[in-house]
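# Summary of structural features
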Amino acid sequence: MRFARFFIALVAAALLAGCAGEPNEATGAPGAASPASPTSPTLEVHEARAQLMPDVGAVYLKLVNSGQAADRLVAIETDAASSAETHETVVEDGVMRMVPRPEGFEIPAGGSVELVPGGKHIMLLEPRPPRDEAEASTLSLTLRFATSEPIVIEAPVAAMPGSGSEHAGHGSAHDSHGSDPGSHGSDPGSHGMEEG
């Protein structure tokens, strides 16, 4: 009888130990024994690049979530501009406008979100002049998420095409929606007109 009680106590202890690292279903928080739970978001940043003009700039990238829980890009920090905001270019009544998205962008579980010219993007307000050649060629940003740890990225700065004539008059309707960052200065260049 004493042996049976001892055996049951051992089995119970083993079961409790096995459950210690399981996620808390009520909060979604992982247990202490599984800091990299497979049910957590797992984020990677791909294809980051930036375009800068004197008054505004934009950053484009792809966020891939290989985890089993969604996450959200909620804020961006950078020393390269006065502020960085999540925006989206939308077409309303045939006119392309930039709309702030202060709630950020969701990154679905097992999916991705693309920040591209003519769509979702990071808007840089009042870019600061680079202090040296390294700052002129790359832009450092910290991406902050609802769940995941922050990710610091270095985005190469793409040269703007031509001398800037392509950007004149971009406060009106637009017709460019491709993915080539070198041909889409309209997003940064039209910010003042569309927001004002």
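Residues numbered from 1 in each chain as written. Predicted model: local features only at pLDDT ≥ 70, side-chain atom pairs only at ≥ 80, totals over all residues. Heavy atoms only, no water.

### Section: the overall build of the chain
Secondary structure summary: the chain contains 4 helices and 10 strands in total. Counting helices and strands in the order they occur from the N terminus, the chain gives α-β-β-β-β-β-β-β-β-α-β-β-α-α. For the chain, with 196 residues in total, the buried portion stands at 35%. Across the chain, every contact between residues at least 6 apart in sequence was considered, and the portion connecting residues at least 24 apart equals 65%. In the structure as shown, the chain presents an accessible area of about 11,000 Å², 56% of it carried by carbon and sulfur atoms. (Helix = DSSP H or I, 4+ residues; strand = E, 2+ residues; numbered from the N terminus. Buried < 20%, exposed > 50% of the residue type's maximum accessible area, 1.4 Å probe, protein only. Contact = heavy atoms within 4.5 Å. Areas by Shrake-Rupley, 256 points an atom, 1.4 Å probe, with all protein chains shown as cover.)

### Some points on the pattern of salt bridges
Should the charged atoms of two oppositely charged side chains come close, the side chains can pair. Using the criterion set out here, one finds 6 salt bridges in the structure. Between Glu-77 and Arg-144 there is a salt bridge, with the nearest N and O atoms lying 2.7 Å from each other. Placement of the pair is Glu-77 in strand β3 (residues 71-77) and Arg-144 in strand β9 (residues 138-145), with a sequence separation of 67 residues. Each of the salt bridges in this network shares a partner with another, and the network as a whole consists of Glu-88, Arg-101 and Lys-120. (Salt bridge = Lys/Arg side-chain N within 4 Å of Asp/Glu carboxyl O.)

### Overview of the confidence of the model for the chain
In this model, the chain carries an average pLDDT of 72, and 61% of its residues clear a pLDDT of 70 or more. Counting contacts from residues 162-187, a segment whose pLDDT is below 50, to residues more than four positions away or on other chains yields 53 contacts. Counting contacts from residues 189-196, a segment whose pLDDT is below 50, to residues more than four positions away or on other chains yields 21 contacts. (pLDDT = per-residue confidence, 0-100.)

### With respect to the environment of Ser-137
Along the chain, Ser-137 turns up in helix α2 (residues 133-137). The exposure class assigned to Ser-137 is partly exposed, which follows from its relative accessible area of 39%. With sequence-adjacent residues up to four places away left out, Ser-137 is seen in contact with Ala-155, Pro-156 and Val-157.

### Things to note about the nonpolar core
As a rule of thumb, soluble globular proteins bury nonpolar side chains together. Within the largest apolar cluster, 22 residues are counted, with the highest numbers of intra-cluster contacts made by Leu-61, Leu-73, Ile-122 and Leu-143. The residues touching Leu-73, leaving out its near neighbours within four places in the chain, are Leu-63, Thr-86, Glu-103, Gly-104, Phe-105, Ile-107, Leu-115, Leu-143, Arg-144 and Phe-145. (Core = buried A, V, L, I, M, F, W, Y, C linked by side-chain atoms within 4.5 Å.)

### A few points about the pairing of strand β8 (residues 120-127)
The element β8 is extensively covered by neighbouring structure, given that 6 of its 8 residues are classed as buried. Taken together, the 4 bridges between strand β2 (residues 56-65) and β8 define a ladder with antiparallel strand orientation. For Gly-57, the partnering residue across the bridge sits in β8 and is Leu-124. (Pairing = 2+ DSSP bridges.)

### Some words on the pairing of β3
As paired strands, β3 and strand β6 (residues 105-107) are joined by 3 bridges and run antiparallel to one another. Following the sheet pairing, Asp-71 is matched in β6 by Ile-107. Pairing geometry for β3 and β9, over 4 bridges, is antiparallel. By the bridge assignment for β9, Ile-76 is matched with Leu-143.

### Notes on the environment of Gly-119
Here Gly-119 is to be found in the loop between β7 (112-115) and β8. The spatial distance from the C-alpha of Gly-119 to the C-alpha of Thr-89 is 4.8 Å, given a sequence separation of 30 residues.

### As for the side chain of Thr-142
Summarising the element assignment, Thr-142 is placed in strand β9. According to the relative accessible area criterion, Thr-142 is buried, its value standing at 17%. The residues touching Thr-142, leaving out its near neighbours within four places in the chain, are Ala-75, Ile-76, Glu-77, Pro-150, Ile-151 and Val-152.

### Comments concerning unusual backbone geometry
Phi is positive for Asp-93, close to 55 degrees, though the residue is something other than glycine. Its place among the elements puts Asp-93 in the loop between β4 (81-92) and β5 (95-100). Given the relative accessible area of 80%, Asp-93 is considered exposed. Even without glycine at this site, Glu-126 takes up a positive phi of about 50 degrees.

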